[in-house]
Amino acid sequence: MTSLANGVFDILREGNTGKPNILVLTEHVNATYFISFDRPLGAMHGRGELNFAVASQARVDDFGLQAWDIIRSRFRPDLVVFTRFGLPSGVAFMRLARNKCVPVVYHIDDDLLDLPDSLGADIMQRNGSLQVKEARRELLSNADLVYASTAALAERMRTRFPHRDIFHGIYASYPGDVDAASGNAARVIGYMGSRGHAQDLELVVPALCRLMTRMPELRFETFGTIAMPQALAPFGPRVTSHPVSKSYGAFLEQLSRLSWAVGLAPLVDEPFNRCKAPTKFIEYTAAGIPVVASDVVVYRDVVSESGGGVLVGDDWETAIDGMLESPGKSVEMVKAARNYCRSRFAPELLEAQLRTAMARVGVRCP
């Protein structure tokens with residue numbers, strides 16, 4: 001990695017002379033960026049296929065219109081990819097790029113124009129404001145390509161932007177088996193997620209209360225910014241929250257070390273959630289954690305096709321109890337899920353997907 005130019009870039013990887021320069025402007029340099037871009041672009045850069053640079057929207061906003069001049073003098077992008085970018089500075093940046101005939105792709109992994117109140121006040125304040133939504137709408141309306149994370153989200157974008165080129169594929173590739181622990185803890189149930197998933201977790205809370213009441217040795221843990229449900233507070237030290245690491249690789253290792261006997265993937269069946277990808281299933285599987293998931297469109301196919309988990313309608317208690325009482329079956333489920341993810345979500349598929357997206361706007365990699 002070379003030195004960063006005047007503080008604009010968060011990441012700058014060059015050195016492949018004569019290859020395309022891909023500029024990624026991201027809401028935050030966080031999991032969405034690392035899942036969708038850093039791993040595939042890093043692999044492609046390592047093979048000499050391209051160069052790439054990354055700047056968060058906070059950095060772009062700090063530099064204003066100067067950001068384009070600084071970036072172009074240092075990196076000269078052949079393609080600009082916005083991912084979840086939601087500030088007016090992005091609209092100005094897009095116009096400057098288009099004036100130089102640089103194609104623009106907008107990557108979207110949620111229906112960011114129609115956020116439900118269930119995500120919570122903090123997320124709604126940051127992502128639901130009129131200014132943010134209008135900036136995203138303008139970027140989506142004028143991008144050369146809208147790159148959606150799922151087929152359902154792509155279809156929703158087509159109804160809103162019928163004259164745009166809409167492309168979709170997988171969201172997360174399988175990161176490989178992450179075995180940072182020697183085995184699964186026999187009596188620990190866990191949920192991994194962010195603060196916007198409180199209503200999803202509430203689907204399971206009554207079952208957790210009943211299970212923990214009749215199983216004194218049972219524990220429950222959360223991992224991430226999700227708050228511990230108040231209904232579980234009476235269980236005292238038997239409930240624990242773990243903060244999440246900002247590094248995606250460290251996040252997966254930490255998830256594996258938790259060694260949960262069951263990883264929960266509840267999801268409220270609503271229009272916003274139906275556009276999501278089965279990322280929890282992939283990440284739990286990588287970490288060696290057997291999955292109990294809501295029987296909704298997001299998880300139904302991957303769990304049914306892989307045989308690597310249990311789908312739940314309403315009876316979470318029976319499903320979780322069955323997993324706890326059948327550790328041998330859980331081990332086999334993890335093996336089946338890992339075999340499935342290695343092929344269905346292979347990293348090479350995400351790389352090929354990026355090549356296709358770039359080719360659709362006239363940028364070609366070997």
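Just above, that's the structure.
Let us look at the structure shown here.

How each quantity is defined
Residues numbered from 1 in each chain as written. Predicted model: local features only at pLDDT ≥ 70, side-chain atom pairs only at ≥ 80, totals over all residues. Heavy atoms only, no water. Helix = DSSP H or I, 4+ residues; strand = E, 2+ residues; numbered from the N terminus. Contact = heavy atoms within 4.5 Å. Areas by Shrake-Rupley, 256 points an atom, 1.4 Å probe, with all protein chains shown as cover. Lys, Arg positive; Asp, Glu negative; His and termini not counted. Charge placed at Lys NZ, Arg CZ, Asp CG, Glu CD. Phe/Tyr/Trp six-rings, centres within 6.5 Å; stacked < 30°, edge-to-face > 60°. Buried < 20%, exposed > 50% of the residue type's maximum accessible area, 1.4 Å probe, protein only. Pairing = 2+ DSSP bridges. Axes fitted to C-alpha atoms, helices over the stretch in contact; angles between N-to-C directions. Salt bridge = Lys/Arg side-chain N within 4 Å of Asp/Glu carboxyl O.

Along the backbone of the protein chain there are 15 helices and 13 strands. In terms of its C-alpha atoms, the protein chain occupies a principal-axis envelope of roughly 65 × 40 × 35 Å. Of the contacts made within the protein chain by residues no fewer than 6 positions apart, 74% connect residues no fewer than 24 positions apart. Accessible surface for the protein chain amounts to roughly 15,100 Å². Of this, 50% is attributable to carbon and sulfur atoms. In the protein chain, 40 positive and 41 negative side-chain charges are present, and the distance between their average locations comes to 5 Å.

Moving on to the packing of aromatic side chains. Note on aromatic pairs: each is described by the distance of the centres and the angle between the planes. This model, assessed by the stated rule, comprises twelve aromatic pairs. With centroids separated by 5.3 Å and ring planes inclined at 80°, the aromatic side chains of Phe-82 and Phe-85 adopt a geometry described as edge-to-face. Each member of the pair, Phe-82 together with Phe-85, is buried. Measuring from ring centre to ring centre gives 6.5 Å for Phe-82 and Tyr-106, while their planes differ by 20°; the resulting arrangement is stacked. Remark: Tyr-106 occurs in strand 5 (residues 104–108) and Phe-82 occurs in strand 4 (residues 79–83); sequence separation between them is 24 residues. Residue Tyr-106 is classed as buried on the basis of its relative accessible area, which comes to 1%. One aromatic cluster is present, built from ring pairs that chain together Trp-68, Phe-82, Phe-85, Phe-93 and Tyr-106.

On to the sheet that holds strand 10 (residues 239–242). The strand order across the open sheet formed by six strands is 10-9-8-11-12-13, and the pairing between neighbours is parallel. The two strands at the open ends of the sheet, each matched to only one other strand, are strand 10 and strand 13 (309–312). With strand direction ignored, the average angle separating the axes of adjacent strands in the sheet is 25°. Note that strand 8 (residues 188–192) and strand 9 (residues 219–223) share five bridges and pair parallel. Looking across to strand 9, one finds that Gly-190 is bridged to Glu-221. Where helix 11 (residues 279–286) meets the sheet, its contacts fall on strand 8, strand 11 (262–265) and strand 12 (291–294), and the angle it forms with strand 8 comes to roughly 135°. Helix 12 (residues 297–306) rests against strand 11, strand 12 and strand 13 of the sheet, and its axis sits at about 140° to strand 13.

Let us look at helix 10 (residues 248–258). For helix 10, the complete set of buried residues consists of Tyr-248, Phe-251, Leu-252, Gln-254, Leu-255, Ser-256 and Leu-258. Its buried side turned inward, helix 10 meets helix 1 (31–46), strand 8, strand 9, strand 10 and helix 11.

Here we take up the pattern of salt bridges. One pass over the structure, following the stated rule, counts 30 salt bridges. The partner of Arg-47 in a salt bridge is Glu-49, and the shortest N-O contact between them spans 2.9 Å. For Arg-47, a relative accessible area of 45% gives the class partly exposed. Two residues, Glu-134 and Arg-137, come together in a salt bridge whose shortest N-O distance is 3.6 Å.

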